[in-house]
Amino acid sequence: MTLTETRLEKDTPMAVDTAEAAPLTEPRELTLSEVAHASGTTFILALFVTLSGKPCAKLVPIQAVKQLEEDGVGFAGYAAGYMGQEPKDSDLVAIADVSSFTPIPFVKPGLAIVHCDPHVDGKPWPYAPRVILKEQLRKAAELGMTVNVGAEIEYFLVNRVDGQLVTADRGDTSANPCYDARDVTRMYDHLTEISEAMNTLGWGNYANDHEDGNGQFEQNFDYADAMTTADRVITLRYLLSVIAEKRGMQATFMPKPFTTRTGTGLHMHLSLWNEAGAVFPDADDELGLGLSSTAYAFVAGILEHACALQGLIAPTVNSYKRTGATATSSGATWSPRFATYGGNDRTHYLRVPDKNRVELRGGDGSANPYLAAAGAIAAGLDGVRRNLHPGKPGSGDSPSDMLPMTLLHAMDALEADDVLTSALDVAGEGVAKYFAKTKREEFFAWHNTVSEWEIDQYLTAF
Ligand SMILES: Nc1ncnc2c1ncn2[C@@H]1O[C@H](COP(=O)(O)OP(=O)(O)OP(=O)(O)O)[C@@H](O)[C@H]1O
Ligand SMILES: N[C@@H](CCC(=O)O)C(=O)O
Ligand SMILES: [Mg+2]
Ligand SMILES: [Mg+2]
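Below or above, wherever it landed, is the structure these notes cover. Everything quoted here is computed from the prediction, not taken from an experiment. All chains use their own residue numbering, which begins from 1 and follows the written sequence. Working convention: letters from A go to chains and numbers from 1 go to ligands, in the order in which they are written. The model is predicted, so local features are restricted to residues of pLDDT at least 70 and side-chain atom pairs to those at 80 or more, both for listing and for counting; the totals for chains, interfaces and linings are taken over all residues. Heavy atoms from the whole structure form the basis of all side-chain values; hydrogens and water molecules are not counted.

Let's talk about the coordination of the magnesium ion (ligand 4)
(1) Moving on: Protein coordination at the magnesium ion (ligand 4): the donors are Glu-152 (OE), Glu-152 (OE), His-267 (ND1) and Glu-359 (OE), at 1.9 to 2.7 Å from the metal.
(2) Moving on: Distances define the donors: N, O and S atoms within 2.8 Å of the metal qualify, as do those within 3.2 Å of Na, K or Ca. Water is excluded, so some sites may look unfinished. Any site counts as irregular unless it has four donors with all angles between 85 and 135 degrees, making it tetrahedral, or four or six donors with opposite ones more than 155 degrees apart and the rest between 65 and 115, making it square planar or octahedral. Every donor counted, the 6 donor atoms about the magnesium ion (ligand 4) form angles of 53 to 170° at the centre, which fits irregular coordination.
(3) Moving on: Every donor residue of the magnesium ion (ligand 4) comes from the same chain, spaced as E-x114-H-x91-E.
(4) Moving on: Remark: exposure states derive from per-residue accessible area (1.4 Å probe, protein chains only) relative to the maximum for the residue type, with buried under 20%, exposed over 50%, and partly exposed in between. Residue Glu-152 is classed as buried on the basis of its relative accessible area, which comes to 13%.

Shown next, in the form of structure tokens:
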């Protein structure tokens, strides 16, 4: 649970005056208590994420930082929900990963977040999303590769008025609000507060825009290694939620909050790297995308496992109103219905914007970023190991490429897919079954609820 000085970014608030800490002859590892004290932290949110993507934390005062560093902090896993625990089970002990330590004084002066790995009885808990992603990164390392990921955070700013969901900016009602300069300006204080926070942290916020749906925004930050990006997605969702609340709004990452408007994606850009550098580019590519055979194999792996992967990157009932075979057509919503790939073309499941990366557009704001990255990497690496080829880019949609229509179809596909179930089952069987079972229950809970639509449709129909 330590951090080497050389990994600290100079311009982040956690940078330490190293002269005080140790001689500079060799990089030395900094402890949680050192980085916390050096950054003026007074309270730490020791945080882990459940399988459903809920951030859970205990607020630890600086006086107890040594205890957090040495023993972790305990949680009743069953109470957290969705962590594979029963009420009788031993505590989940969250062990801080100091490399994820992030001061967030923009929320409260002196506050920091540290992402933690839940353990049970001294061992990493296999139901913990961070533990699952770590295992997949270890598998990539066995192939001599590391994975970089860039994530795009889209969200709506909303309010509930008299039980109705409305956009927080009531003036934002244009038929095509995408990129509208006035909508961005009206939300200026919120957007710039988030932008400044990201840049203070050294994340490289480079754009903020109004998206395709009224009240929908996107705020971008630079890619990093897969684990860092997954942690940042969680941190940013948290920041967006609490900063929106400060202004009397709610930030929502729900995939499709409004039936008739564009949904909320979590696009993930992925690239592979080895000792020689970037693995994806290859100037000799005959198919014209500038990709190497390894990149094509990675693409082919994701396409082959796409239906099962949707179960991880589009994991709610609501997800299938944004994407999939029966959702509104792709041109209008920019979300895919078919598992296809192409060049710089946003109607595909996998888009290759340039020779350096592939963009996976199937995921949405309800995705757990650790499971989403783990699933995408497992699928892609399966293609690499088997040296698959995806065929020509841009070949049209065909019924055999259809993405799942509902969460239930996605769970069937997930359970039938050995590669993705083993990606979840890092310590043998259990997690994939548990995940699918819980998601099926979610599906039937929704299915068994009588909706307004049904009343309108059937009340006087017979
Ligand atoms: N080689 C790479 N590996 C992984 N991620 C990358 C790489 N190069 C760029 N990225 C990341 O890809 C993401 C691009 O997001 P951005 O929203 O700018 O693109 P976009 O997909 O064109 O947008 P949209 O889908 O909203 O039209 C950023 O997070 C960026 O840092
Ligand atoms: N909101 C779209 C993406 C829009 C875009 O490409 O910027 C989605 O659900 O994936
Ligand atoms: Mg974008
Ligand atoms: Mg995108």
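So, the site of ligand 1
(1) Moving on: Near is defined per residue: the residue qualifies when any heavy atom it owns lies within 4 Å of the molecule or strand. Contacts to ligand 1 come from 19 residues, most closely from Glu-152, Tyr-206, Ser-271, Arg-346 and Glu-359.
(2) Moving on: Polar contacts, as used here, are pairs of N or O atoms within 3.5 Å; protein pairs need one atom able to donate a hydrogen and one able to accept it. Residues neighboring in sequence count only if both atoms are side-chain atoms. Here an oxygen atom of ligand 1 and a side-chain polar atom of Asn-220 are 2.9 Å apart.
(3) Moving on: Contact with the protein chains covers 84% of the free accessible surface of ligand 1, which is 650 Å².
(4) Moving on: Sorting the residues of the shell around ligand 1 by element identifies strand E10 (146-151), strand E14 (216-221), strand E17 (268-274) and strand E21 (357-360) as the ones contributing at least two each.
(5) Moving on: As a working rule, the residues Ala, Val, Leu, Ile, Met, Phe, Trp, Tyr, Cys and Pro are called nonpolar, Asp, Glu, Lys and Arg charged, and the rest polar, with Gly in that last group. When grouped by side-chain class, the residues that make up the shell around ligand 1 number 4 nonpolar, 7 polar and 8 charged. Accessibility throughout is a Shrake-Rupley quantity obtained with a 1.4 Å probe, and a residue counts as covered only by protein chains that appear here. Under the DSSP-based scheme used, a helix requires at least four consecutive residues in state H or I and a strand at least two consecutive residues in state E, with every element numbered from the N terminus.

Things to note about the packing of aromatic side chains
Each aromatic ring pair is characterised by the separation of its centres together with the angle its planes make.
(1) Moving on: Aromatic contacts are taken between Phe, Tyr and Trp rings whose centres are within 6.5 Å, Trp giving its six-membered ring; a plane angle under 30 degrees counts as stacked, one over 60 as edge-to-face, and the others as tilted. Per the counting criterion, the structure on display carries 15 aromatic pairs.
(2) Moving on: Relative to Phe-75, the ring of Phe-48 lies with its centre 4.8 Å away and its plane at 85°, an arrangement referred to as edge-to-face. Of the two residues, Phe-48 sits in strand E3 (residues 43-49) while Phe-75 sits in strand E5 (residues 73-75), which places them 27 residues apart along the sequence.
(3) Moving on: What makes Phe-48 buried here is its relative accessible area of 2%.
(4) Moving on: Cluster of aromatic residues (ring-pair linked, three or more members): Tyr-82, Trp-125, Tyr-127, Tyr-434 and Phe-435.
(5) Moving on: Criterion for a charge above a ring: Lys NZ or Arg CZ within 6 Å of the ring centre, and within 35 degrees of the ring normal. Taking NZ or CZ as reference, Lys-58 lies 5.3 Å from the ring centre of Phe-75, over its face.
(6) Moving on: For Arg-261, the ring lying beneath its charged end belongs to Phe-258, and the centroid distance is 4.4 Å.

A few points about the coordination of the magnesium ion (ligand 3)
(1) Moving on: Bound to the magnesium ion (ligand 3) are the protein donor atoms Glu-152 (OE) and Glu-218 (OE), situated 1.9 to 2.1 Å from the metal.
(2) Moving on: Here the magnesium ion (ligand 3) and the magnesium ion (ligand 4) are spaced 4.0 Å apart, with Glu-152 acting as a shared donor. Here the residue Glu-152 occupies a position in the loop between E10 and strand E11 (153-161), and Glu-218 occupies one in strand E14, the gap between them amounting to 66 residues. Across the pair, exposure class does not vary: Glu-152 and Glu-218 are buried alike.

Side note on the pattern of salt bridges
(1) Moving on: The term salt bridge refers to a pairing of a side-chain nitrogen on Lys or Arg with a carboxyl oxygen on Asp or Glu at a separation within 4 Å. For the structure on display, the rule yields 24 salt bridges.
(2) Moving on: A salt bridge links Arg-130 to Asp-97, with the shortest nitrogen-to-oxygen separation between them at 3.1 Å. Residue Arg-130 is found in helix H5 (residues 129-142), and its partner Asp-97 is found in the loop between strand E6 (92-96) and strand E7 (102-103); the two are separated by 33 residues along the sequence. With respect to burial, Arg-130 and Asp-97 carry one shared label: buried.
(3) Moving on: One salt bridge in this structure joins Arg-138 and Glu-135, with 2.8 Å as the shortest N-O distance. With Arg-138 and Glu-135 both in helix H5 and 3 residues apart, the pair spans about one turn of that helix.
(4) Moving on: Overall, Glu-135 belongs to the buried group, its relative accessible area being 18%.
(5) Moving on: Several salt bridges converge on common partners, so that one network encompasses Asp-97, Asp-117, Arg-130, Lys-134 and Asp-231.

Examining the site of ligand 2
(1) Moving on: Of all residues adjacent to ligand 2, which total 13 residues, the nearest are Glu-154, Gly-263, His-267, Arg-322 and Arg-361.
(2) Moving on: Here an oxygen atom of ligand 2 and a side-chain polar atom of Glu-211 are 3.1 Å apart.
(3) Moving on: Contact between ligand 2 and Trp-334: an oxygen atom at 3.5 Å from a main-chain N or O atom of the residue.
(4) Moving on: Across the shell around ligand 2, the residue classes tally to 1 nonpolar, 6 polar and 6 charged.

A closer look at the packing of helix H13 (residues 407-415) against helix H15 (residues 431-447)
(1) Moving on: In the contact formed by H13 and H15, the axes pass within 9 Å of each other and the chain directions differ by 165°. As summarised for this structure, H13 and H15 are arranged roughly antiparallel, according to the angle between their axes. The way H13 lies across H15 gives a crossing that is left-handed. Contacts between H13 and H15 involve Leu-407, Leu-408, Met-411, Asp-412, Leu-414 and Glu-415 from the first element and Ala-432, Lys-433, Phe-435, Ala-436, Lys-439, Arg-440, Glu-442, Phe-443 and Phe-444 from the second.
(2) Moving on: Its residues assigned to classes, the contact of H13 with H15 comprises 9 nonpolar, no polar and 6 charged. In this analysis, axes come from line fits to C-alpha atoms, helices being fitted only over the stretch in contact, and the angle between any two N-to-C directions falls in the range 0 to 180 degrees. Angle categories: roughly parallel below 35 degrees, roughly antiparallel above 145, roughly perpendicular from 65 to 115, and oblique for all the rest. Handedness of a crossing follows from how the near helix is turned relative to the far one, being left-handed for an anticlockwise turn of less than a right angle and right-handed for a clockwise one. Here, two residues are considered to be in contact whenever any of their heavy atoms come within 4.5 Å of each other.

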